[in-house]
Amino acid sequence: AIKGFVFDLDGVITDTSTFHSQAWHQIADKVGASWNDQLADALKGISRMDSLNLILAQGHRENDFTPAQKQALATEKNTNYLQLVNQMTPANILPGITAFLAELTTAGYALSLASASKNAPLVLRKLGLSDYFTKAVDPASLKHGKPDPEIFRRGAEILGLNPADCIGVEDAAAGVQSIKGAGETAIGIGDPTVLAAADINFTDTTQLTLANIKTQLD
Ligand code: G6P
Ligand code: MG
């Protein structure tokens, strides 16, 4: 039986995936890599350095920068991103999320966070949601990022639960792959063709209710 929910953050709880995209788009322009929707989707869920490497590969510039220059580009992206994050308020919580978190807590489900973002604690504070996620996987402690199962496996472990008793919630294909690899039930939020590997597909966060989930799992 399902006892816990392991949440992604960016693109599930709040629309920071557009902020990440905006910030990376500036870097892509700077290095001469062309930007398109497929690249934007591929960047969802993956770490800062993995994202930069993908952008450099897209621009055929993977051999043009020293490690120090790459570090500087990643830092520049994060500075761009933080400018957007610093303007966030609870109004940036996606529709239906506050009600869903309250519903889950009232019903006695355990919650944890499985975000690849080193900025996750700051984003949660800006949203006023830190109290819901006292249990969070530290992405700095991971050997492998999404799509590897490690982060969602750890998301269940910190709740003291078996993965089979957890539902993972994701907006990224790499994240759904991580959830399934960990042996959890996957809810994909967004384009069902991009997230075809999920067990349950919702087009947006307003559909996240226990009643809708139970209907889909029957
Ligand atoms: C999330 C986002 C990615 C981002 C990653 C690392 O997974 O979906 O777009 O690259 O976190 O975020 P950070 O804030 O540490 O650069
Ligand atoms: Mg995400």
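Our subject is the structure listed above.
Quick notes on the rules
Residues numbered from 1 in each chain as written. Chains lettered and ligands numbered in written order. Predicted model: local features only at pLDDT ≥ 70, side-chain atom pairs only at ≥ 80, totals over all residues. Heavy atoms only, no water. Donors = N, O, S within 2.8 Å, 3.2 Å for Na, K, Ca; no water. Buried < 20%, exposed > 50% of the residue type's maximum accessible area, 1.4 Å probe, protein only. Near = heavy atom within 4 Å. Polar contact = N/O pair within 3.5 Å; in protein donor to acceptor, adjacent residues only side chain to side chain. Areas by Shrake-Rupley, 256 points an atom, 1.4 Å probe, with all protein chains shown as cover. Nonpolar A, V, L, I, M, F, W, Y, C, P; charged D, E, K, R; others polar. Helix = DSSP H or I, 4+ residues; strand = E, 2+ residues; numbered from the N terminus. Core = buried A, V, L, I, M, F, W, Y, C linked by side-chain atoms within 4.5 Å. Contact = heavy atoms within 4.5 Å. Salt bridge = Lys/Arg side-chain N within 4 Å of Asp/Glu carboxyl O.

**Quick notes on the coordination of the magnesium ion (ligand 2)**
No. 1: On the protein side, the magnesium ion (ligand 2) has Asp8 (OD), Asp10 (O) and Asp171 (OD) as donor atoms, found 2.0 to 2.1 Å from it.
No. 2: Donor residues binding the magnesium ion (ligand 2) come from one chain and are separated in sequence as D-x1-D-x160-D. Taken individually, aspartate 8 and aspartate 10 each receive the classification buried, so the pair is uniform in this respect.

**A look at the site of ligand 1**
No. 1: Surrounding ligand 1, one finds 14 residues, the nearest of these being Ile46, Arg48, Ser117, Lys118 and Asn119.
No. 2: In this structure, arginine 48 approaches ligand 1 through a side-chain N or O atom, which is 2.7 Å from an oxygen atom.
No. 3: Lysine 118 has a polar backbone atom sitting 2.7 Å from an oxygen atom of ligand 1.
No. 4: For ligand 1, whose accessible area on its own is 390 Å², the fraction buried by protein is 97%.
No. 5: When its residues are assigned to classes, the shell around ligand 1 shows three nonpolar, six polar and five charged.

**Digging into unusual backbone geometry**
No. 1: For the bond from lysine 146 to proline 147, the omega torsion is 15°, close enough to zero to count as cis.
No. 2: Although it is not a glycine, histidine 60 sits at a positive phi angle of roughly 50°.
No. 3: Position of histidine 60 relative to the elements: it lies in the loop between α3 (48-58) and α4 (67-85).
No. 4: On the accessibility criterion, histidine 60 (67% relative accessible area) is exposed.

**Overview of the nonpolar core**
No. 1: With 35 residues, the main nonpolar core has Phe5, Phe7, Ile13, Val169 and Ile187 as its most contacted residues.
No. 2: Sequence-distant contacts of valine 169, defined by excluding residues within four places in its chain, comprise Phe5, Val6, Phe7, Asp8, Val12, Phe152, Ile179, Ile187, Ile189 and Leu208.

**Describing the side chain of lysine 146**
No. 1: Relative to the elements of secondary structure, lysine 146 occurs in the loop between α6 (120-127) and α7 (150-157).
No. 2: Take lysine 146: its relative accessible area is 4%, and that puts it in the buried class.
No. 3: For lysine 146, the side chain forms a polar contact with the side chain of aspartate 8, separated by 3.1 Å.

**Describing the pattern of salt bridges**
No. 1: A full pass over the atoms with the stated rule returns eight salt bridges.
No. 2: For glutamate 150, the salt bridge identified is with arginine 154, shortest N-O distance 3.8 Å. One end of the pair is glutamate 150 and the other is arginine 154, both in helix α7 and four residues apart, which spans about a single turn.
No. 3: The class for glutamate 150 is buried, based on a relative accessible area of 13%.
No. 4: Through salt bridges with shared partners, a single ionic network connects Asp8, Lys146 and Glu170.

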